[in-house]
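What the coordinates show
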Amino acid sequence: ETSVMKRYQHIMASVDFSELAPSIVEHAKEMAAISNARLSLLHVVQDVPLMGEPFGEPSVLVMSEEVEQQAIDNARQQMQLLVKRLELPDTVHQWIEPGFATDTILTMAEANHVDLIIVGHSGRKGFLGFLGSTANAVVKGANCDVLVVRAH
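Throughout what follows, the structure given in this document is the object of discussion. (Residues numbered from 1 in each chain as written. Predicted model: local features only at pLDDT ≥ 70, side-chain atom pairs only at ≥ 80, totals over all residues. Heavy atoms only, no water.)

A few words now on the pattern of salt bridges. Applying the stated rule across the entire model yields one salt bridge. Here Asp 73 makes a salt bridge to Arg 76, at a shortest N to O gap of 4.0 Å. Residue Asp 73 and its partner Arg 76 are both found in helix H2 (residues 65-85); the two are separated by three residues, about one turn of the helix. (Salt bridge = Lys/Arg side-chain N within 4 Å of Asp/Glu carboxyl O. Helix = DSSP H or I, 4+ residues; strand = E, 2+ residues; numbered from the N terminus.)

What follows is the structure, encoded as structure tokens:
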């Protein structure tokens, strides 16, 4: 019996802790169960673009190590809450990585032999249009399948 659906080995969901996050993780959980695949959750701690420079040029504020560490610890706590809330098994990898969203998602996917990336798309332009452009860029840049979960 041939199944149309591909069996995935390693599914990675990119999670940003927005209101869309539980829906993304639920999709990932179901897909992983169907395929009997490994499941990893990735949250990227991004440097924040700092607006309102004196000479009108927006610059990227690179976080100090202390601030970055706080952001990483905070993200780790949020990730654990999400995992608990959605009753995910202990086997789920929880990755917190500093960097730029798209690059980090693609790099982590490559390095860990991910064959399905799940990302969210709010359908609206988020902060500086980031969310939309991330989903878009991941679809364009990925060497594996990408599932885009849309907000309803």
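This part covers unusual backbone geometry. We note that Phe 17 has phi near 65 degrees; this positive angle belongs to a residue other than glycine. At His 113, a residue that is not glycine, the phi angle is positive and equals roughly 50 degrees. Inspection of the secondary structure assignment puts His 113 in the loop between helix H3 (101-111) and strand E6 (116-121).

A few words on the layout of surface pockets. Considering only enclosed or pocket space, the second largest pocket measures out at about 180 Å³ in volume. Taken together, Lys 29, Ala 32, Ala 33, Asn 36, Ala 37, Arg 38, Leu 39, Leu 88, Pro 89, Thr 91 and Val 92 make up the full set of residues lining the second largest pocket. Broken down by secondary-structure element, the contributors of at least two residues to the lining of the second largest pocket are helix H1 (21-35) and strand E2 (38-45). Element by element, the count of residues in the lining of the second largest pocket is highest for H1, at three residues. Partitioned by chemical class, the residues of the lining of the second largest pocket number seven nonpolar, two polar and two charged. (1 Å grid on protein atoms, 1.4 Å probe; cavity = no way out; pocket = protein on both sides within 12 Å on 5 of 7 lines; lining within 4 Å. Points joined across faces, edges and corners; volume = space filled by probe spheres on them. Nonpolar A, V, L, I, M, F, W, Y, C, P; charged D, E, K, R; others polar.)

This paragraph deals with the sheet that holds E6. If you trace the five strands from one edge of the open sheet to the other, you get E5-E2-E1-E6-E7, paired in parallel fashion. This sheet does not close on itself; its edge strands, each paired only once, are strand E5 (93-98) and strand E7 (145-150). Within this sheet the neighbouring strands show an average axis-to-axis angle of 25 degrees, counted without direction. With five bridges joining them, strand E1 (residues 10-14) and E2 adopt parallel strand pairing. By the bridge assignment, Ala 13 is partnered in E2 with Leu 41. Together, E1, E2, E5 and E6 form the strand contacts of H3, whose direction differs from that of E2 by roughly 150 degrees. (Pairing = 2+ DSSP bridges. Axes fitted to C-alpha atoms, helices over the stretch in contact; angles between N-to-C directions. Contact = heavy atoms within 4.5 Å.)

So, on to the environment of Gly 141. Its location among the elements puts Gly 141 in helix H4 (residues 130-141). Judged by its relative accessible area of 36%, Gly 141 is partly exposed. Counting along the chain gives 36 residues from Gly 141 to Ile 105, while the straight-line C-alpha distance between them is 9.9 Å. (Buried < 20%, exposed > 50% of the residue type's maximum accessible area, 1.4 Å probe, protein only.)

Attention now goes to the pairing of E6. The element E6 is extensively covered by neighbouring structure, given that six of its six residues are classed as buried. Residues of E6 alternate between two faces, with Leu 116, Ile 118 and Gly 120 on one and Ile 117, Val 119 and His 121 on the opposite face, all of them buried. For E1 and E6, the ladder comprises three bridges, and the chain directions are parallel. Each residue of the ladder has a partner; that of Met 12, found in E6, is Ile 117. When E6 meets E7, the two strands line up parallel, connected through six bridges. What sits directly across from Ile 117, in E7, is Val 146.

By the element assignment, Ser 40 lies in strand E2. Under the relative-accessibility criterion, Ser 40 is labelled buried at 0%. In this structure the side chain of Ser 40 is engaged in a polar contact, spanning 2.7 Å, whose partner is the side chain of His 10. The residues touching Ser 40, leaving out its near neighbours within four places in the chain, are His 10, Ile 11, Met 12, Ala 13, His 93 and Trp 95. (Polar contact = N/O pair within 3.5 Å; in protein donor to acceptor, adjacent residues only side chain to side chain.)

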